[in-house]
Amino acid sequence: MIFGIKEKSIIFDPCIFLFLAIATDIPVLLMTGFVVQDTYDPLMYLQVPLIYCLETEPQQGEEEQKVEQRLLYPLECFLFGEDPCVGLQKLQQYNSSSSAQQCGRVFKEGETVYSCRDCAIDPTCVLCIECFQKSVHKSHRYKMHASAGGGFCDCGDLEAWKSGPCCSQHDPGTSVTMETVQFIFSYRYMLVWKETYELSEELKPKVKEDTYFCVLYNDEHHSYDHVIYTLQRALACDQNQAQIYTALIDKEGRKAVKRGTLSSCFVLVTGCVVGLREVFCQVALEPAADNNQLCLISRLMLHDAKLYKGARKVVHELIFSSLLMDTEFKRQFAMKFTEHYKQLQEDFISDDHQRNISITALSVQIFTVPTLARQLIEEGSVIKVIIDTVMDMMMEHLDSNNRFQFQGHNPDKFFRVQVIFHDLRYILISKPSVWTETLRVKFLEGLRIFLHFLCCMQGMEEVKRQLGQHVEVEPEWEAGLTLQMQLRHILAMFQDWCSSDERVLLLAFQECHRALMSCTNQPFRSEPTDSYMCKQILHARPYKVSEEPVSIHLPISRLLAGLYVLLCQTGAIQYLPDFVDPLNFTELAEQPLRCVVLAAQVCADMWRRNGLSLVSQVYYYQDVKCRDEMFDKDVIMLQIAASKMDPNHFLMLVLLRFELFDIFNDNCSSKDQEVLKQWNRLTEEMLYLIIIIAGERYVPGISHVTKEDVTMREVIHLLCIEPMAHSSLVKSLPENESHETGLETVISKVAIFKKPGVSGHGLYELKKECLEEFNPFFYHYSRPQHSKAEEAQKKRRTQEGSDKALRPPVPPPFCPAFSNIVYLLCCDIFIHILKRIFQKAAEDRSNRWTEPMIQRALHLVGQALLEEKTQLEGSSTEEVTFDFKTGSRHGKSLFHFLTKMKSLPSLKAQNDMIMWNLQMFEVVKCLREKSGPVASFSVDHSKLEESVQDKEKAERKRKAEAAKAHRQKIMAQMSAMQKNFIESNKMLYDNVPESSSQSDTAASVDSRVAVGPQQGVCSTDWEAQICILCQEEQEVQAQAPAMVLTACVQRSTVLTQNRGKTLSPKGTYPLFMPPDLAVGTHTGSCGHVMHATCWQKYFEAVQNTTRNRLHADLIIDLENGEYMCPLCKSLCNTVIPLIPVEPSNESAEIVGQHLTLERWIQIMSYNNSEKSQAEFRSILSFGVQESPKFSRSITEMLGVCANTVHRVGLQTAPNDLCPYVPVMSWNTCAYTIQATDNMLQEEGKPLFGSLQNRQLSGLKALVQFSAAQRLKSSQAVIQKHFADMLAVLVPVPNVENTPSILEVDFFHLLVGLDLSIPALYQEAAVDLQPSAVSSAYNHLYLLHLLTMAHMLQVLLSHRKRLPVFLLRSLIVSLFLRLRAGVTGFCVEGVKRGVLPFLRCAALFFNCLTGVPPPEELSESPESQLHLLCSYLSLPSNLFQLFQDHRDVVTTLIKRYKSDINRMFCHLVFRYPHKRNRLIDLPEDYSVLLNQASHFKCPNSSDDERKHPTLCLLCGVMLCAQSPCCQEQLNGEEVGACTAHAAICGAGVGMFLRVRECEIVLMASKTRGSPYPAPYLDDYGETDPQLGRGNPLHLCPERYRKLLHMWQQHCVLEEIARSLEVLNVMFPFEWQML
Ligand SMILES: [Zn+2]
Ligand SMILES: [Zn+2]
Ligand SMILES: [Zn+2]
Ligand SMILES: [Zn+2]
Ligand SMILES: [Zn+2]
Ligand SMILES: [Zn+2]
Ligand SMILES: [Zn+2]
């Protein structure tokens, strides 16, 4: 999104655009086409300036309206000769009879498009979502991706699909039913203004003032911000205005910043009537009357680069919907396109727009059509045209030797040039089934030009080994390799084409050979010399890779190698002598050999001083992205040479080029450790190369394997490293030109799929039977892969109890043309090399050999022995020509060395391999001697050998089985013992409770009642805690220094019954929580305890260090006191002090007889008034005690925590003195308990016993902390709160405007009342609080009162809205009936409705009093109402309450009648509340994509790419990351998601970005993090950004995990954790989402 200002365009140019007028159908009009021009032009000349030039500040849409009125409508009337609407109707009817449609939908940027991997001719064939959903491909292997814009739906194009070319909608057979297709037409009359920037006379406005405009054009160089800034300064406008302009410029490509839009003066109507289309096409392609003029469409094409973005889009769409919809016109257009190809590409190169809005992007639409491609080759020489174009563009990079040299090239331009290669690929994508003579000629002509191009690459960018000094400037290498990568598929396709015709293949080989011979690169400097070794003489020219220039780019040699293999494969090789002179294989192999040696030397660290550029080149040389046309082809060329040359000579040449000849000839020695090390490394690499040349046969043509076999082998070797995910396998396999790896066809044959868990991904594990194909020296292993695979396989073998020898696998036999390669493994030089190596090892001269060297040598011996064994087994001894000379002196000495090495301690790791080799020696010897005189003996011997092996194996197996059996036996014994124990102790166990209850009946100590006079004993006080920072232990005591618990306070809407409404009713909140629980304050904890002092020190240190960290503010909000838990790194923003639970163990039953509920209400409600002061005194007689005194540090921590809760919960500035500070503590206590209960129910867990320890201690600390709040605040304030709250239940004098019972949440009320009541006991002078007995009664009566009121609330909420007069009588009658014990209503409904309240109350009192709950409550998740009631000291039939307290009911009626008029003005919420979940997501992801494709931004009408983003909390679809939907939030401009999250989730958001298939977690304005979407493909992997495009399905477990994260308030924590890991350099602006 980048722009710039172009000087050239300071002039206003209302008409450099094409003017599209609308005309109609009917051939007659064609004839009169020019009449139209005559009549219409004057009108246009008159109106255009008036419309476009004169207004200074046109209203939005005004111009468009004028165009419509003054230009288009008259034209339509003229053309139709009647009302255009009527004419249009007729047209539609006319058209509905025509059939055979192509969809042709033009894709917008970001639109989802589908391709079928089974049926598409090539990956560029795509369907729009509508066609796809109605096509057969829906059930095939499809891929989806976002369109880059441009291009259209190929539905209905018979050449694009192998099967199912039409969806049901575009199927000609069913087209009769099409009624909804929109038609209009398109004889579009066009003017393309010539290059003059002046308007023609006619168009000049009559009045000339104010008609100059500054036009800003879009370009790709300037950043969004830059433009905004410049605009602000230049126009003196505000930032908003500048932003709007900038967005428009990006969209349209230009903008008259001093004037309004002229964008849509072309009302482009898409969809074409067949007849109209024809007319237009004919006109467009017709040569102009003036013979020098080009046809209209050519002129349009050639003007493309001069048009601005919006106009181009219009033209392209026009071409799509007309010319490309018809085979014949498409062909004609393609010819024109090819004709101007070079010019168009040149324009594109100097253009500054992206390719998708260039006319050149149309190539994909025409070049990929097989028949068209063939015609273009035959008639338009398109291959030649394309390569010529590239060649012209690249000319400037040629050096004096006619080779490319990219030093200091312009990457931007180079990038644009590369794009041309795509076109070549498109042309070659479908190889011909039938060759015509013309096609042969034209193809070979193209190939010749291509070879000419390759000649400029052959040997380019030579490197020379740097000695002494390091290179100063890293040479350019990326351009060259990029070129190579671009060519990769093209090279493969050229070979593929050649292979389909014998004659073409032979001629191509001839051309290629000639081209190679003509390359004069890298000549030898000196004359051939003779080298001697083992009585062999090699006559070769000396050359040293380490001293002379060498290049990694050898495309012609490699192409030749590829063609040679094809010749062998097709059998055409027999005719080769007719086409080329005898080949000199030494010469052909020379360059590839140098390249391989270069790689080896780089590996041996000899090229260290040449810098990273060389290392990178060598890396890519063997990397999966390049290797098939680089390294692999070099290997093939060496194999070709090895099959044709004398094996001794070949190996001598290899030794010479590796610069090891003298060492193996003993002519050379050194004491330099560095040099010795290099020699050793080179020897290792050379042995490796021989292993590869002799062993790698998985190429069709070299052995009889299929492509599938090749892929299978790659997959097996990848899986030998470790089990892998599907996507990593795909990444490690070479792709063909259709981006296919062939993995799916083989994977099930070689691997087993392991499903993923809730995180991670699915893995493929290799099947056991495939393991024997493992080759530790597989040539596509990188070094790290090699050692990893080796280690993994050794480990596996050890686990299985077999030996650790990683023997070479049996390779498939060579094809006849290559069969001579095996003689490398038995020639004299080979034996000589091996002997030298083993000798050094046997003599144990430590720096002359290395273990990898021995390993490779052993592998080679194994390969040779296997070869001989296979040959001997296959045919009679006399016929076998391969002889490793096991019986000869050489063989004996090898055998001798091996035996000696067996005992070497330094080679212990190779022992198994040596043993195996020795056995193989014996086996081969026996096989060879089998037909000899001692045949019988040797057969026996070999049998013996085998049987010995078998025996060993059997023995091992037996042992393993014995061990297994033993284990099983022990297990069985243990479980039997367990059973026994339970059986024998059952009696004992059953008796225990009885006996204990008998002996202890009187003890109320064991009472499991938490409320009231029967309250049991507190059993769960804090144990001594260990500080996680200083590790010291401390008791939790009121007077001791404070211990604190980490905690995180956040606003939450998890429980809301009214999503989207975050604002609570003014006035009463926060004292009263409304019943919809719209926003609560949640306090969570990770449960880690510290000393307050330790925490303070830690906190300060963290603040100081974090401040200096980059972007730390994004992870933790220092200003708001955030920090990470020192132990578990959870995000926290406060601490909760631990307060000891107050003990209570007196029995208090007697009191109850005097203090009834009625009396209690009287005392409590009149406490406020003066007259009752005396009365209240009386309650004191029931017992008071002194309030606990807390240490200074505890008091301080109480303040810290309460302030955070207050500040976060109310989103206000911190204020100690705010009267709501204690209220917020009670609220967060209540809300957190409710959230906990909600979570337990969601997970189906029992109320008690299933909370994690950290959750439990967090909850307990929170309740105790809230209870202690009253001691910190002014007693008058607390007493006032109490009176206000009590007034909801009973009439309280002097309290007004109390909400009705339908307007409050009763659990919040319970917590508030219960925690504030002790304040009533406070005297001015003495700190008093109720004694345990008094407290017990307070709890009891409050709970009874609230339960009754809540039951009434539940009952009322079950009714529909009632008129007020009915309501009054309803309440009265309800009460009376309840009091009388009549239950004519839904008893079960009430019980269900009250249950959550009781569960929360049980949790609350459990934390407050510490009385353990009845055990049954922690056993079953089923809600056991009677158990809860007994724990809470309620009658098990709750309705009994109304009878027990029948006197009170009158008071209650009095209270409720008073505000009946206010009831029912609010929404009524049903009880129990609904549990909030995340929205339901469809199982198939493409359904979501479909939904998103219909998404329309509410604030803009343009068709630009949007980012539809789904809120998972409420299901609303938002327009993210777009200026059109930004909103103001607290005076700051934020994106739609941030604004929505603030309301929907109280700042917390969970969104699904549909096009990107990614979840975004958000918390507060500035923080967010991406999170994998809960959608998996068939391979158990997620697909962020839809990069792979496989079909995706919902994974319910993962979605549940997200739900739990939200319900447990862990979103914030997850974000902090992921940000901590990411440690971003360039932070994403989350608030703009
Ligand atoms: Zn379509
Ligand atoms: Zn269709
Ligand atoms: Zn298909
Ligand atoms: Zn400590
Ligand atoms: Zn922690
Ligand atoms: Zn929402
Ligand atoms: Zn929008």
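Our subject is the structure that appears above.
Note that the structure is a prediction, hence the values are computed from the model and not measured.

Notes on helix 14 (residues 370-380)
Taken residue by residue, helix 14 has Pro370, Leu372, Ala373, Leu376, Ile377 and Gly380 as its buried positions. Considered in projection along helix 14, the buried side chains sweep an arc of 165° and stay on one side of the axis. Packed against the buried residues of helix 14 are helix 11 (327-339), helix 13 (363-367), helix 15 (382-394), helix 16 (411-428), helix 17 (437-455) and helix 18 (478-499). Ser381 sits one or two positions beyond helix 14 and adopts a positive phi of about 50°.

Let's talk about the pattern of salt bridges
Tallying each qualifying case throughout the model produces 49 salt bridges. A salt bridge links Asp388 to Lys384; its shortest N-O distance comes to 3.2 Å. You can see Asp388 and its partner Lys384 sitting in helix 15, 4 residues apart, about one turn around the helix. Look at Asp388 and you get partly exposed, because its relative accessible area is 23%. On the basis of relative accessibility, which here comes to 28%, the residue Lys384 falls in the partly exposed class. A salt bridge links Lys633 to Glu629, with the shortest nitrogen-to-oxygen separation between them at 3.2 Å. Overall, the relative accessible area of 5% leaves Glu629 in the buried class. Here the salt bridges do not stand alone but share partners, grouping Arg117, Asp118, Arg141, Glu740 and Glu744 into one network.

Concerning the coordination of the zinc ion (ligand 6)
With distances of 2.0 to 2.3 Å, the protein atoms coordinating the zinc ion (ligand 6) are Cys1511 (SG), Cys1514 (SG), His1540 (NE2) and Cys1544 (SG). Taken together, the 4 donor atoms coordinating the zinc ion (ligand 6) span angles of 105 to 114° at the metal, a pattern that classifies the geometry as tetrahedral. Read from N- to C-terminus, the donor residues coordinating the zinc ion (ligand 6) fall into the pattern C-x2-C-x25-H-x3-C. Residue His1540 and its partner Cys1544 are located together in helix 54 (residues 1536-1544), separated by 4 residues, close to a single helical turn. Residue His1540 shares its accessibility class with Cys1544, and that shared class is buried.

Points about the side chain of Arg416
Locating Arg416 in the fold gives a position in helix 16. The side chain of Arg416 is buried and forms no salt bridge, while Asp412, the nearest opposite charge, is found at 4.1 Å. Separated by 3.0 Å, the side chain of Arg416 and the backbone oxygen of Phe348 make a polar contact. Not counting residues up to four positions away in its chain, the partners in contact with Arg416 are Phe348, Ile349, Asp351, Asp352, His353 and Gln354.

Structural notes on the sheet that holds strand 24 (residues 1517-1520)
Overall, antiparallel pairing links the 5 strands, which are arranged 24-23-27-28-29 in an open sheet. What marks the edges here is a single partner per strand, and that holds for strand 24 and strand 29 (1567-1572). For this sheet, the mean angle separating the axes of adjacent strands, direction not counted, is 35°. In terms of strand pairing, strand 23 (residues 1507-1511) meets strand 27 (residues 1549-1553) through 3 bridges, oriented antiparallel. Residue Cys1511 lies in a different strand from strand 27, and its bridge partner there is Phe1551. Of the strands in this sheet, strand 23, strand 24 and strand 27 touch helix 53 (residues 1485-1493), which is tilted by about 90° from strand 27.

Quick word on the coordination of the zinc ion (ligand 7)
Those donors, Cys1497 (SG), Cys1519 (SG), Cys1524 (SG) and Cys1525 (SG), are the protein atoms that reach the zinc ion (ligand 7), and they lie 2.2 to 2.3 Å from it. Seen from the zinc ion (ligand 7), its 4 donor atoms lie at angles of 97 to 120°, and the figure they make is tetrahedral.

Digging into the packing of helix 37 (residues 1092-1107) against helix 42 (residues 1192-1210)
For the pair helix 37 and helix 42, interaxial distance at closest approach is 11 Å and the crossing angle is 50°. Viewed along their axes, helix 37 and helix 42 adopt a mutual orientation that is oblique. Counting all contacts with helix 37, which are made through Ala1092, Trp1095 and Gln1096, the residues of helix 42 involved are Glu1196, Met1197 and Val1200. Of the residues contributing to the contact of helix 37 with helix 42, the split by class is 4 nonpolar, 1 polar and 1 charged.

A short note on the nonpolar core
Residues Phe453 and Phe884 are the most contacted members of the largest nonpolar core, which totals 238 residues. Ranked by the residues each element gives to this core, the list is headed by helix 27 (residues 673-695), at 12 residues. Not counting residues up to four positions away in its chain, the partners in contact with Phe884 are Leu825, Cys826, Phe830, Ile831, Leu834, Val861, Ala864, Leu865, Glu868, Leu894 and Phe921. Formed by 225 residues, the second largest nonpolar core is a distinct cluster that contains Val1205, Leu1320, Tyr1456 and Leu1633.

Examining the packing of helix 20 (residues 555-570) against helix 22 (residues 585-603)
In the contact formed by helix 20 and helix 22, the axes pass within 10 Å of each other and the chain directions differ by 120°. The angle between helix 20 and helix 22 falls in the class oblique. Crossing angle aside, the handedness with which helix 20 passes helix 22 is left-handed. Where helix 20 abuts helix 22, its residues Ser557, Arg558, Leu560 and Tyr564 lie against Phe585, Leu588, Gln591, Pro592 and Cys595. Taken together, the residues that form the contact of helix 20 with helix 22 break down as 6 nonpolar, 2 polar and 1 charged.

A word on helix 19 (residues 502-518)
Residues separated by three or four positions in an α-helix point in the same direction, a consequence of the helix having 3.6 residues per turn. The terminal C-alpha atoms of helix 19 lie 24 Å apart, and with 17 residues this matches the ideal 24 Å at 1.5 Å per residue to within 8%. The buried count for helix 19 comes to 12 of 17 residues, which makes it a mostly enclosed element. Among all positions in helix 19, only Val504, Leu505, Leu506, Leu507, Ala508, Phe509, Gln510, Glu511, Cys512, His513, Ala515 and Leu516 are buried. Those residues of helix 19 that are buried are in contact with helix 17, helix 18, helix 20, helix 21 (576-579) and helix 22.

Here we look at the pairing of strand 20 (residues 1134-1137)
Side chains Thr1134 and Ile1136 project from strand 20 onto one buried face, and the interleaved Val1135 and Pro1137 project onto a second face that is buried too. Where strand 15 (residues 1043-1052) and strand 20 come together, 4 bridges link them in antiparallel fashion. Each residue of the ladder has a partner; that of Thr1046, found in strand 20, is Val1135.

Observations concerning the pairing of strand 24
Pairing of strand 23 with strand 24 involves 4 bridges; the strand directions are antiparallel. Among the inter-strand pairings, Thr1509 is bridged to a residue of strand 24, identified as Leu1518. If you look at the hairpin formed by strand 23 and strand 24, you'll find 5 residues sitting between the two strands, and Gly1515 has a positive phi there, around 85°.

Cut-offs used in this document
- Residues numbered from 1 in each chain as written.
- Chains lettered and ligands numbered in written order.
- Predicted model: local features only at pLDDT ≥ 70, side-chain atom pairs only at ≥ 80, totals over all residues.
- Heavy atoms only, no water.
- Buried < 20%, exposed > 50% of the residue type's maximum accessible area, 1.4 Å probe, protein only.
- Helix = DSSP H or I, 4+ residues; strand = E, 2+ residues; numbered from the N terminus.
- Arc of directions from axis to C-beta.
- Contact = heavy atoms within 4.5 Å.
- Salt bridge = Lys/Arg side-chain N within 4 Å of Asp/Glu carboxyl O.
- Donors = N, O, S within 2.8 Å, 3.2 Å for Na, K, Ca; no water.
- Tetrahedral: all angles 85-135°; square planar, octahedral: opposite > 155°, others 65-115°.
- Lys, Arg positive; Asp, Glu negative; His and termini not counted.
- Polar contact = N/O pair within 3.5 Å; in protein donor to acceptor, adjacent residues only side chain to side chain.
- Pairing = 2+ DSSP bridges.
- Axes fitted to C-alpha atoms, helices over the stretch in contact; angles between N-to-C directions.
- Parallel < 35°, antiparallel > 145°, perpendicular 65-115°, else oblique.
- Nonpolar A, V, L, I, M, F, W, Y, C, P; charged D, E, K, R; others polar.
- Core = buried A, V, L, I, M, F, W, Y, C linked by side-chain atoms within 4.5 Å.
- Left-handed = near helix turned anticlockwise from the far one by under 90°.
- Expected span 1.5 Å × (residues − 1).

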